[in-house]
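Here is how the chains run, residue by residue.
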Amino acid sequence: MLTADDKKIITQLWEKVASHQEEFGNEALQRMFITYPQTKTYFPHFDLHPGSEQVRGHGKKVAAALGNAVKSLDNISQALSELSNLHAYNLRVDPANFKLLAQCFQVVLAVHLGKDYSPEMHAAFDKFLSAVAAVLAEKYR
Ligand code: ZNH
């Protein structure tokens, strides 16, 4: 459950991210593919080399989806409902992978924002990414 404080902090943090969505999304994916190579198996149709335009484009989509969720913190489930269908019925990504991407995204924030990524932000954003992962996984059966 996100508290009112969490929501405020997440919204403030996203203001720092908004102008770097494509860059941060791309970097988080690159990190995920390097750190957890098994995640590459979901992207056999992608060029996964560093600098890949496909990965960059995908990173932009993923970050934009997170941005959408930030705008709907009171109803993440509704905001990501289409994506939840896609991941559960079409892509069938093992939900364990959501945690891996979440971790990589947090490393990107720490690297780029440094001291601006405060422990409070880290804690609130961790809860946010868990909530997103729960939504993306809620239709699996
Ligand atoms: Zn995912 C897709 C988001 C995670 C895998 N995704 C996608 C998209 C989006 C997303 C937005 C696009 C859609 C359209 O186009 O319509 N994801 C997301 C998010 C997350 C995720 C937000 C978390 C946080 N995914 C994930 C993971 C994985 C994945 C972890 C694995 C590993 N996805 C995927 C795939 C796809 C997607 C495979 C498809 C791609 C193409 O294009 O083909």
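Data block above holds the structure.
All figures in this text were calculated on a predicted structure; none of them were measured in a lab.

1. Side note on the packing of aromatic side chains
Okay, step 1: One pass over the full model with this rule turns up 6 aromatic pairs.
Okay, step 2: Where Trp14 meets Phe125, the ring centres are 6.3 Å apart and the plane angle is 20°; that geometry is what we call stacked. With Trp14 in helix α1 (residues 4-17) and Phe125 in helix α7 (residues 119-137), the pair connects residues that are 111 residues apart, well separated along the chain. Pair check on accessibility: Trp14 and Phe125 agree, each one buried.
Okay, step 3: Centre to centre, the rings of Phe125 and Phe128 are 5.3 Å apart; their planes meet at 35°, and the pair counts as tilted. Pair noted here: Phe125 and Phe128 are both in helix α7, with a separation of 3 residues, about one helical turn. For the pair shown, Phe125 and Phe128 are each scored as buried.
Okay, step 4: Here the aromatic residues Trp14, Phe105, Phe125 and Phe128 are joined through ring pairs into a cluster of three or more.

2. Concerning the layout of surface pockets
Okay, step 1: Considered as a void within the structure, the largest pocket measures approximately 710 Å³ in volume.
Okay, step 2: At the level of secondary structure, the elements contributing two or more residues to the lining of the largest pocket comprise α2 (21-35), α3 (53-71), α5 (81-91), α6 (96-113) and α7.
Okay, step 3: Taken as a whole, the second largest pocket encloses approximately 190 Å³ of empty space.
Okay, step 4: Lining the second largest pocket are Pro95, Phe98, Lys99, Ala102, Gln103, Gln106, Asp126, Leu129, Ser130, Ala133 and Ala137.

3. Examining the packing of α2 against α3
Helix-helix packing is described using two parameters, namely the angle between the two axes and the distance between the axes.
Okay, step 1: At a closest axis distance of 7 Å, the pairing of α2 and α3 adopts a crossing angle of 110°. On the basis of their axis angle, the class for α2 and α3 is roughly perpendicular. Both α2 and α3 take part in a crossing whose hand is right-handed. Contacts between α2 and α3 involve Gln21, Glu22, Glu23, Gly25, Asn26, Leu29, Gln30 and Phe33 from the first element and Val55, Arg56, His58, Gly59, Lys60, Ala63 and Ala64 from the second.
Okay, step 2: When its residues are assigned to classes, the contact of α2 with α3 shows 5 nonpolar, 6 polar and 4 charged.

4. Comments concerning the environment of Ser81
Okay, step 1: Relative to the helices and strands, Ser81 resides in helix α5.
Okay, step 2: A residue is classified by how much of its surface remains accessible, and Ser81, at 24% relative accessible area, is partly exposed.

5. Section: the coordination of the zinc atom of the ligand
Okay, step 1: The sole protein-derived ligand of the zinc atom of the ligand is His87 (NE2), positioned 2.3 Å away.
Okay, step 2: Note on placement: His87 falls in helix α5.

6. Section: the packing of α3 against α7
Okay, step 1: Between α3 and α7, the least distance of the axes is 11 Å, while the angle of their chain directions is 105°. Relative to α7, α3 is oriented roughly perpendicular. Counted together, Leu66, Ala69 and Val70 of α3 and Phe128, Leu129 and Val132 of α7 form the full contact between these two elements.
Okay, step 2: The class makeup of the residues in the contact of α3 with α7 is 6 nonpolar, no polar and no charged.

What counts and how
- Residues numbered from 1 in each chain as written.
- Predicted model: local features only at pLDDT ≥ 70, side-chain atom pairs only at ≥ 80, totals over all residues.
- Heavy atoms only, no water.
- Phe/Tyr/Trp six-rings, centres within 6.5 Å; stacked < 30°, edge-to-face > 60°.
- Helix = DSSP H or I, 4+ residues; strand = E, 2+ residues; numbered from the N terminus.
- Buried < 20%, exposed > 50% of the residue type's maximum accessible area, 1.4 Å probe, protein only.
- 1 Å grid on protein atoms, 1.4 Å probe; cavity = no way out; pocket = protein on both sides within 12 Å on 5 of 7 lines; lining within 4 Å.
- Points joined across faces, edges and corners; volume = space filled by probe spheres on them.
- Axes fitted to C-alpha atoms, helices over the stretch in contact; angles between N-to-C directions.
- Parallel < 35°, antiparallel > 145°, perpendicular 65-115°, else oblique.
- Left-handed = near helix turned anticlockwise from the far one by under 90°.
- Contact = heavy atoms within 4.5 Å.
- Nonpolar A, V, L, I, M, F, W, Y, C, P; charged D, E, K, R; others polar.
- Donors = N, O, S within 2.8 Å, 3.2 Å for Na, K, Ca; no water.

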